[in-house]
Amino acid sequence: MIELFINAVVAGVLLGGFYAAVALGLSIVFGRLDIVNIAHPAFVIIGSYMAFYVNENFGLDPIVTSFLFLPVFFLLGIVMYRFYYVCFERTGQESLSGLAYFFGIMFIIEVLIILVYGVDYRNVQAPYIGHSLWINDWIPLGDFRVSLPYRMLVPFVVAAVVTGGVYLYLSKTYLGRAILAVSQDRVALQLMGANPIKVKQWAFGIAIATAAIAGALLIVIHPVEPSVGRLYIGRVFAIVILGGMGSISGTFFAALMIGIAETLISTFIGPSWAPAAAYGILLVTLAVRPQGLFGRA
Amino acid sequence: MASSLTVNNIDGGYGSVRVLHDLSITVDFGETVVLLGSNGNGKSTLLKCITGLIKPDRGEIILNVDGEKTDLVGKTPEEVVTAGISMVPEGRRLFPALTVEENLYLGAYRKFARKKISENLDFVYEIFPRLKERRNQLAGSMSGGEQQMVAVARGIMSDPTILLVDEPSVGLAPNLVSHMIGKIRELKEKKNLTVLMAEQNFNQAIKIADRGYIIVHGEIEFTAASADELANNEMIKQYYLGV
């Protein structure tokens, strides 16, 4: 029982790290720019298929691939924001039309992937997939056997590093701070000498670039099919809100929390209940602490 | 750098609503010029034209830096800031969910100011020690007077040669207004600034004014060559003192 519990918590932390990678981009776009980009998980899936394609044809590691493709995703994000700005934001119609826009993008991405790769599950090969790190080899735990599968551990480490990088970027650079400020008062930001549209564009680029990495992590963790991104929409929005809307460290810890809650629930209650964890925690949190668990105000 | 500003015959406003009519003012290097007028007479609109937030329909706004003249009409706010003009906006317009220090860092966004950021940060903390004490507090959680300090300090962080201040007294208790006006004078002297300040609070504004203009319905009604002339003007008595 205790062994099961410890293993579930450990697995939950690792899973949560991956959730953080998916939520990271949304934490910037939804949490800081107030743009409801529900297509974000779809970009994660593009990242997965890109990793799959390169892995299948050239044998390159999926995570390395995602880092090589960061500039492409960055540009993709900029183009997507440009279009959104010109068509909706500039005319003040972003709330409803913008939502439809991102919905549309999500479906277009799904359909394109289906047309090219079909609806079958795809996976990747990497030397670390299929092996585990046994904690017992390092620390004597007596009767307990605690294992960390590398296909979870590697994504966790990558997610933590990327999250840390984005956190430092936003809090230590001028452009990063402008990203934090832009939705609070864009006129004031102009008076500081920053162009709010360029700031948002840059932020969107970074957000979509993180989706490339999250996509590679996803396909390392489990096989991917084109519509699997939908499973993440609600969960990831819940994480961003729990994390306090745009707080990067908050998003990371909220993601760990959801990861742990989900694995505990699927271990002890049943896997079909696991998706309810995110919403359950979100509901309770919003009732008690509307600014989110890690909100600043 | 010796900077001065000349506004020549501008018409401007919001869409089809024209607020400013053939308005001209000058602010010479090293002066503190006040723009007096009650609400809705176009003070803020004029400052917005200078900062590039509004494009005037007609006229020119000449920035003269050491003899080199640029017309600011048609420039973006970013370009105006880069040219060395900083504005402390009406209502402070801080980033409420960022800390005091993050607000100040954003003030130093323009490339030129980034090089001098630590020097300027020390400088504003020296002028406003309260901000140093509260530098990790969220700007939105501070009192009105403290927020105004942040707004003025943030304006200084861009290392301007010309400082525009829009109604620094709004919403402040009388003793704080007088403190704030004193601080603006101190900043001006220590940083060799040229200051254009829009104010409704006549009694406070003339304390630091070298000269001034009275703006009524978007036109300059009176040009005062000295603070005395402002103080003794009939129109001011009529508008402000109700005599």
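Residues numbered from 1 in each chain as written. Chains lettered and ligands numbered in written order. Predicted model: local features only at pLDDT ≥ 70, side-chain atom pairs only at ≥ 80, totals over all residues. Heavy atoms only, no water.

A. Molecular detail of the overall build of chain A. Each helix and strand counted, chain A has 12 helices and two strands in total. Each helix (α) and strand (β) of chain A, taken in turn from the N terminus, gives the series α-α-α-α-α-β-β-α-α-α-α-α-α-α. Against the globule reference of 19 Å for 297 residues, chain A gives a C-alpha radius of gyration of 19 Å, in line with a compact fold. Overall, the C-alpha framework of chain A stretches about 65 × 50 × 35 Å when taken along its three principal axes. Counting across all 297 residues of chain A, residues that qualify as buried make up 55%. Long-range pairs, those at least 24 residues apart, make up 75% of the contacts in chain A with a sequence separation of at least 6. (Helix = DSSP H or I, 4+ residues; strand = E, 2+ residues; numbered from the N terminus. Rg over C-alpha atoms; globule rule 2.2 N^0.38 Å. Buried < 20%, exposed > 50% of the residue type's maximum accessible area, 1.4 Å probe, protein only. Contact = heavy atoms within 4.5 Å.)

B. Region of interest: the overall build of chain B. Broken down by element type, chain B carries 11 helices and 10 strands. Here chain B has a C-alpha radius of gyration of 17 Å; the compact-globule value for 243 residues is 18 Å, and the two agree. Out of the 243 residues belonging to chain B, those deemed buried represent 56%. About 9900 Å² of surface is accessible on chain B, with carbon and sulfur atoms providing 46% of the total. (Areas by Shrake-Rupley, 256 points an atom, 1.4 Å probe, with all protein chains shown as cover.)

C. Inspection of the pairing of strand β3 (residues 32-36) of chain B at higher detail. Residue and element names in this part refer to chain B. By the criterion of burial, β3 is predominantly enclosed, with five of the five residues buried. Residues Thr32, Val34 and Leu36 line one face of β3 and the alternating positions Val33 and Leu35 line the opposite face, and both faces are buried. Of the strand pairs in this sheet, β3 and strand β9 (residues 211-216) are connected by four bridges, and their pairing is parallel. Within β9, the position partnered with Val34 by the bridge is Gly212. (Pairing = 2+ DSSP bridges.)

D. Quick look at the sheet that holds strand β1 (residues 3-14) of chain B. All names here are of chain B. Ordered in space as β2-β1-β4-β5, the four strands form an open sheet in which the pairing is antiparallel. At either end of the open sheet lies a strand with only one pairing partner, and these are β2 (17-27) and β5 (68-71). Within this sheet the neighbouring strands show an average axis-to-axis angle of 20°, counted without direction. One ladder, built from seven bridges, connects β1 with β2; its direction is antiparallel. The residue of β2 that forms the bridge with Gly13 is Arg18. Lying over the sheet, helix α1 (residues 43-51) contacts β1, β2 and β4 (58-65), oriented at roughly 115° with respect to β1. (Axes fitted to C-alpha atoms, helices over the stretch in contact; angles between N-to-C directions.)

E. The arrangement of the sheet that holds strand β6 (residues 85-88) of chain B in detail. Residue and element names in this part refer to chain B. The strand order β6-β7-β8-β3-β9-β10 describes an open sheet built from six strands, whose pairing is mixed. A strand with exactly one partner marks an edge of an open sheet, and here the two such strands are β6 and β10 (219-224). For this sheet, the mean angle separating the axes of adjacent strands, direction not counted, is 20°. As paired elements, strand β7 (residues 162-166) and strand β8 (residues 194-199) share five bridges and run parallel to each other. In the strand pairing of β8, Asp166 is matched with Ala198. Contacts from α1 reach β3, β6, β7, β8 and β9, with the element oriented near 150° to β7. Helix α7 (residues 144-157) contacts β6 and β7 of the sheet and is inclined by roughly 175° relative to β6.

F. Here's a closer look at the environment of Gln93(A). Residues and elements named next belong to chain A. Mapping Gln93 onto the fold places it in the loop between α4 (70-89) and α5 (94-117). Each C-alpha atom of the pair Gln93 and Ala238 lies 25 Å from the other, and the pair is 145 residues apart in sequence. Those residues in contact with Gln93, other than ones at most four positions away along the chain, are Cys87, Phe88 and Gly98.

G. Inspection of the interface of chain A and chain B at higher detail. At the interface, 21 residues of chain A touch 25 residues of chain B. Summed over both partners, the interface of chain A with chain B buries about 2200 Å², with 66% contributed by carbon and sulfur atoms. The tally of links from chain A across to chain B stands at one salt bridge. Between Arg93(B) and Asp185(A) there is a salt bridge whose closest N-O contact spans 2.8 Å. (Buried area = accessible area lost by both parts, 1.4 Å probe. Salt bridge = Lys/Arg side-chain N within 4 Å of Asp/Glu carboxyl O.)

H. α7(B), seen in detail. Residue and element names in this part refer to chain B. Compared with the 20 Å implied by 1.5 Å per residue over 14 residues, the 20 Å span of α7 between its first and last C-alpha is a close match. Burial analysis of α7 places 13 of its 14 residues in the buried class, the great majority of the element. Asp159 lies just past α7 and shows a positive phi near 55°. (Expected span 1.5 Å × (residues − 1).)

I. Representation of the packing of α4(A) against α5(A). Residue and element names in this part refer to chain A. The geometry of α4 relative to α5 is characterised by a closest axis approach of 10 Å and an angle of 145° between their N-to-C directions. Here the hand of the crossing between α4 and α5 comes out right-handed. Every residue of α5 that contacts α4 at Met80, Phe83, Tyr84, Phe88 and Glu89 is listed here: Glu94, Ser97, Gly98, Tyr101, Phe102 and Ile105. Residue composition of the contact of α4 with α5, by class: seven nonpolar, two polar and two charged. (Left-handed = near helix turned anticlockwise from the far one by under 90°. Nonpolar A, V, L, I, M, F, W, Y, C, P; charged D, E, K, R; others polar.)

Fair warning: the whole summary comes from geometry, so function is off the table for now.
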